[in-house]
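Spelled out from the first residue to the last, the chains are:
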Amino acid sequence: MRTLILSCNTGAGHNSCAMAIKQVLEAHGAECEIADSLLFISETASRFICNWHVRIYRHLPRLFKNGYREVESHASPFQKDSAVYQYLTSGSERMYEYIRGSGFDSVICTHIFPALALTDMLEKHPMPIATAFVGTDYTCSPGTADSALRHYFIPDASLTDEFAACGVPREKIIASGLPVRAAFYAPYDKAAAKRSLGITPERRHILLTCGSMGCGPITELTAQLSYMLPPEDVLTIVCGSNEKLHEKLQLAYLTCPNVHVEGLVTDMPLYMRSADLFMTKPGGLSTTEAAAMGLPMVLIDAVAGCEEHNLDFFVRRGGAVTADTPQALASAALTLLDDDAQLARMSQALKTPRPCTPGECIYNVIKTDIGNMGK
């Protein structure tokens, strides 16, 4: 089994999902490679799309929100022969040459852009390969039904009707769950995790992030939380790749011993194991990672768009709360921190029993598909 996983750098979630799938496939002895699908168009295209995605997320979230709602309420801009479709599929010939030359027998897409390019490639060059799209948000994102792959793995069974209503053939939909790395499923000792970060186990710990890009009202939230948080409790802010935010907060809270400011961290599972409460924007991967750990969440509606659906999903599930302003979010967090019984109920609500992990489910389906093709 030789698998190509196609992602793109529009946020870390799609790449994290790709890494989680790769981890499972390689554990089963499969050969696996992850590629930035936008590079099949050009390096310039990849840089341009990814850089603008970061800028809009950080500085113009309202533009992203309004743009996403516009796309949701009108005909898909990803339909075949549209200008957007033509651009996103303009690298499909190079994709074909790469897939054929490398001998891949399966291709998995963790973003709609490569799913569209792969669809175009297969229309022009039919090949006996297993193909799949993995949804990384708790909604059927625009463009999903404009692709035509063999399998559609979705985050939760409750979303099946939505995907089918959007035009994805019901027989292709598999409610696998959203793959996250094995470290998020592993049993852990919260007290030991706190000690690893220099926090004594008796101290309560709030972890605040806003995605790998460090967007949203982190400055305002930190100000509110640092003012309201009892001195015996700890707040850790992870700024991700937002270096300006990291420098600004480090300087502002240099003399606050219970406020820890971090930049881009390499061991998020450790930070999440140490936390009693997780404050984050509702990215599909970060919320699923927290859910796998049973970590209660306060969700920050920083960007909206597809993340608005993620927020609604986890609030309905009972594993998260939200509020409209930084002050209200901080108050909600501190109220929860004082309510052990509610935190326990939220933790339990997040735990979804499954016969196998999402990554294992994807592996089993793809392996069977390859076998049915006689490969």
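Everything below is about the structure printed above this text.
Keep in mind the model is a prediction, meaning the values are calculated, not measured.

Looking only at helices and strands, one finds 16 helices and 12 strands in the protein. Over its C-alpha atoms the protein spans a radius of gyration of 21 Å, differing by no more than 12% from the 21 Å that the globule rule assigns to 375 residues. For the C-alpha atoms alone, the extent of the protein along its principal axes is close to 65 × 40 × 35 Å. Counting only residues that meet the buried cut, the protein has 53% of its 375 residues in that class. By sequence separation, contacts in the protein at least 24 residues apart represent 69% of the contacts at least 6 residues apart. Here the protein contributes 32 positively and 40 negatively charged side chains, and the mean placements of these two sets differ by 1 Å.

Looking now at the pairing of strand β8 (residues 234-238). Among the five residues that make up β8, five are buried, leaving the element largely enclosed by the rest of the structure. Side chains Val234, Thr236 and Val238 project from β8 onto one buried face, and the interleaved Leu235 and Ile237 project onto a second face that is buried too. Sheet topology note: the strand β7 (residues 205-209)/β8 ladder contains five bridges and is parallel. Following the sheet pairing, isoleucine 206 is matched in β8 by leucine 235. With four bridges joining them, β8 and strand β9 (residues 259-262) adopt parallel strand pairing.

When helix α5 (residues 92-102) is considered as a whole, its buried residues turn out to be Ser92, Met95, Tyr96 and Ile99. Mapping the buried residues of α5 onto a view down its axis gives an arc of 100°, with all of them on the same face. Contact partners of the buried residues in α5: β1 (2-7), β3 (106-109) and α6 (112-124). A positive backbone phi angle near 70° is found at glycine 103, which sits one or two residues after α5.

So, how was this worked out
Residues numbered from 1 in each chain as written. Predicted model: local features only at pLDDT ≥ 70, side-chain atom pairs only at ≥ 80, totals over all residues. Heavy atoms only, no water. Helix = DSSP H or I, 4+ residues; strand = E, 2+ residues; numbered from the N terminus. Rg over C-alpha atoms; globule rule 2.2 N^0.38 Å. Buried < 20%, exposed > 50% of the residue type's maximum accessible area, 1.4 Å probe, protein only. Contact = heavy atoms within 4.5 Å. Lys, Arg positive; Asp, Glu negative; His and termini not counted. Charge placed at Lys NZ, Arg CZ, Asp CG, Glu CD. Pairing = 2+ DSSP bridges. Arc of directions from axis to C-beta.

All we've got here are geometric facts, nothing functional implied.
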